[in-house]
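# Report on the structure
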Amino acid sequence: MERETVQTDVLVIGGGGGGSRAVYEAKRFHPRLDVTMAVEGKWGKTGSTVWVASEALGINAPINSAEDGDSPEIFLKDIIETGLGTANQDLVKIIADESTDRIYELVDMGASFDTLNGKFVQKKLSGCTKARSLTRGGQTGVEIVNALRNASLGKGVNVIEEVRILDLIVRDGEVWGARGTRQGRPIDISAKAVIMACGGAGALFPHTVTHTSLRGDGYAMACRAGAMLSGMEFIQIGPGVVYPSMHFIIHSHMWRFSPRLKNRLGEKFLKNYVPSDVSIDEVISLKAMSFPFSVRTDARYIDIAMSKEILAGRGTDHGGIFFDITHISREELQDKAPITHKTFLDKGIDLSRDEIEIAPLVQSMNGGIKIDKHAATTVRGLFAVGEVSGGVHGADRPGGNNLADSQVFGYRGGQAAARFAVERSGDLIPAESGQILNIDSGADDKLEDIYSAIDAALMVVRNKENLDVLLNKIDSYRDNCDSLDVATDNILLVAEMIAKSALLREESRGIHYREDFPGTNKSYNRATLVRRDDEGAVEASFE
Ligand SMILES: Cc1cc2nc3c(=O)[nH]c(=O)nc-3n(C[C@H](O)[C@H](O)[C@H](O)COP(=O)(O)OP(=O)(O)OC[C@H]3O[C@@H](n4cnc5c(N)ncnc54)[C@H](O)[C@@H]3O)c2cc1C
């Protein structure tokens, strides 16, 4: 099949918050460079940043609008403490120091955030000791990406839409571009610098609240190119809706309504999981402060209880748990959770009258491709920003930090990649010289078995037995496959990296819970690393 070929100086893969900031900065920093955004779907319509699935989407910056004494130093302390010893302190300091400037630049570009009496409204999210999250209701990410997209197009950035990038072009161990498929046809893009910004891997999981394009291609491509990844076992999972059919998370305000949780038999099961010296009311009120599952707080009993009830076959027909707040009036719902209330009404559900069904769902990844202070990866020519990058968050993170990370390292990565492209010697690889990718759909029935093993091994409750089952299934899939297409290879590689990291971490820490190792082991106060060895096998180790 004939392939499409493109040449550019800087290639950015992915058009969420991180990619949009990186593409803008690369072009602004070096206007004469040819800077290209390649994105699956339409720029501004895909990925988590623009995926409106919650009452409010927060971005952190220690602006101190709430006048509660917030500062970069306190922000730094919060991130380090919430990261439980595994976040990279050099990277974290950069977020604490630079997020405020990135917010004001967004405002200058036309993004607006909620204000009251002329001041930003800042809210306190989980893992934060101060109110530092800015929002524009649930549309915060849309505001950010729209502002950056308009500014980038104004500066002459090129855009290739409807493309799925699946592999990197590598010469002598260095990255020189990327390859993928565009409307069924192979495409090769040669570039002097590549910025990976294609988000997380939520779509690999049967239970997820993320956009379908987030299959973890970025992690797999980087690993195949020789890059190191860090903290892959840390996946942020929290309660979201499984019925009615929609993508929506059950955030703090919904837990403040003191919901009644019941299994399919109508049993209030929480009491079977919460120790007798811990109050159930207290556990529920802690959940209002901690959307993602984390062993850091007693709110963990809720996620563990829901997971175990569902695994034991006592879940609802849609694989969830009944969530009942019918004791709350319409007026109170309208007042305290207006976006949630309306979102459900649009689906024909009145929360003051109807139960819904919820389950633990994957929201985002904390680990990813290891980067330095300039978002450079361990492979020359490759940079990574946003959720696909690793080291910034650790075992748990303050709510609102992913968006902050995407802006701070999108800024740094865009500039560093532009500088690298200008200084790099050597010619671009002629696009038609490499092998054509095997891009068969990968929609193979046998993958269903892998997906259910992912669901059993990598969600809230983990143990060695289920992790081994998943790894064995991955091995036997590869052994029995004559020619593995690259999309399937990516899926298997990402699952393998997560499983091997989770297996290595024989303890429970933050958002990683091993029921066979429920305590925290102080000697594991380090990040896990994964990379391929010379034979192509994925190896996991501690930093
Ligand atoms: C429901 C929900 C609520 C959240 N709430 C918060 C919050 O309040 N605060 C916070 O900080 N974070 C929150 N997060 C996490 C945060 O939204 C993300 O981590 C962040 O937006 C990621 O930005 P990104 O640019 O790295 O990736 P994304 O915004 O996910 O963008 C990835 C881009 O890459 C594209 N892409 C993917 N694969 C390919 C490929 N193979 N080829 C080409 N393009 C590709 C996608 O289509 C998309 O354009 C939430 C996430 C969800 C799902």
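Residues numbered from 1 in each chain as written. Predicted model: local features only at pLDDT ≥ 70, side-chain atom pairs only at ≥ 80, totals over all residues. Heavy atoms only, no water.

### Here we look at the environment of threonine 129
Looking at where threonine 129 falls in the secondary structure, it is placed in the loop between strand E5 (119-120) and strand E6 (133-134). By relative accessible area, threonine 129 is classed as partly exposed at 46%. Filtering out sequence-adjacent residues up to four positions away, threonine 129 remains in contact with Ile74, Asp78 and Lys124. (Helix = DSSP H or I, 4+ residues; strand = E, 2+ residues; numbered from the N terminus. Buried < 20%, exposed > 50% of the residue type's maximum accessible area, 1.4 Å probe, protein only. Contact = heavy atoms within 4.5 Å.)

### Concerning the domain arrangement of the protein
How big an interface is tends to be expressed through the accessible area that disappears when the partners come together. When cut into domains, the protein gives domain 1 (4-232 + 366-433), domain 2 (238-360) and domain 3 (438-542). For domain 2 versus domain 3, the distance between C-alpha centres works out to 29 Å. With nine residues of domain 2 in contact, the opposing surface of domain 3 contributes nine residues. When the buried area of domain 2 at its contact with domain 3 is split by residue, Phe293, Val295 and Lys308 rank highest and sum to 53% of it. Between the two partners, domain 2 and domain 3, sit one salt bridge. In this structure, lysine 308 engages glutamate 515 in a salt bridge whose closest nitrogen and oxygen atoms are separated by 2.9 Å. Remark: the boundary between domain 2 and domain 3 carries two residue pairs in polar contact (both at pLDDT 80 or more). (Domains from an automatic or database assignment. Buried area = accessible area lost by both parts, 1.4 Å probe. Salt bridge = Lys/Arg side-chain N within 4 Å of Asp/Glu carboxyl O. Polar contact = N/O pair within 3.5 Å; in protein donor to acceptor, adjacent residues only side chain to side chain.)

### Concerning the pairing of strand E20 (residues 538-542)
One face of the sheet, then the other: side chains in a regular strand alternate in exactly this way. When strand E19 (residues 528-532) meets E20, the two strands line up antiparallel, connected through five bridges. Its bridge partner being in E20, valine 530 is matched across the sheet by alanine 540. Where E19 hands over to E20, the hairpin turn is made up of five residues, of which glycine 536 adopts a positive phi near 95°. (Pairing = 2+ DSSP bridges.)

### Quick notes on the pairing of strand E2 (residues 35-38)
Burial of the side chains of E2 extends over both faces: Val35 and Met37 are buried on one face and Thr36 and Ala38 on the other. Sheet topology note: the strand E1 (residues 4-13)/E2 ladder contains four bridges and is parallel. By the bridge assignment for E2, valine 10 is matched with valine 35. What joins E1 to E2 is helix H1 (residues 17-29), and the crossover it makes is right-handed. Sheet topology note: the E2/strand E7 (residues 158-160) ladder contains three bridges and is parallel. Residue pairing across strands places methionine 37 opposite valine 159, the latter belonging to E7. (Right-handed = clockwise from strand over helix to strand, strands pointing away.)

### Quick notes on the environment of leucine 492
Locating leucine 492 in the fold gives a position in helix H14 (residues 486-504). For the pair leucine 492 and arginine 478, spaced 14 residues apart in sequence, the C-alpha to C-alpha distance is 8.6 Å.

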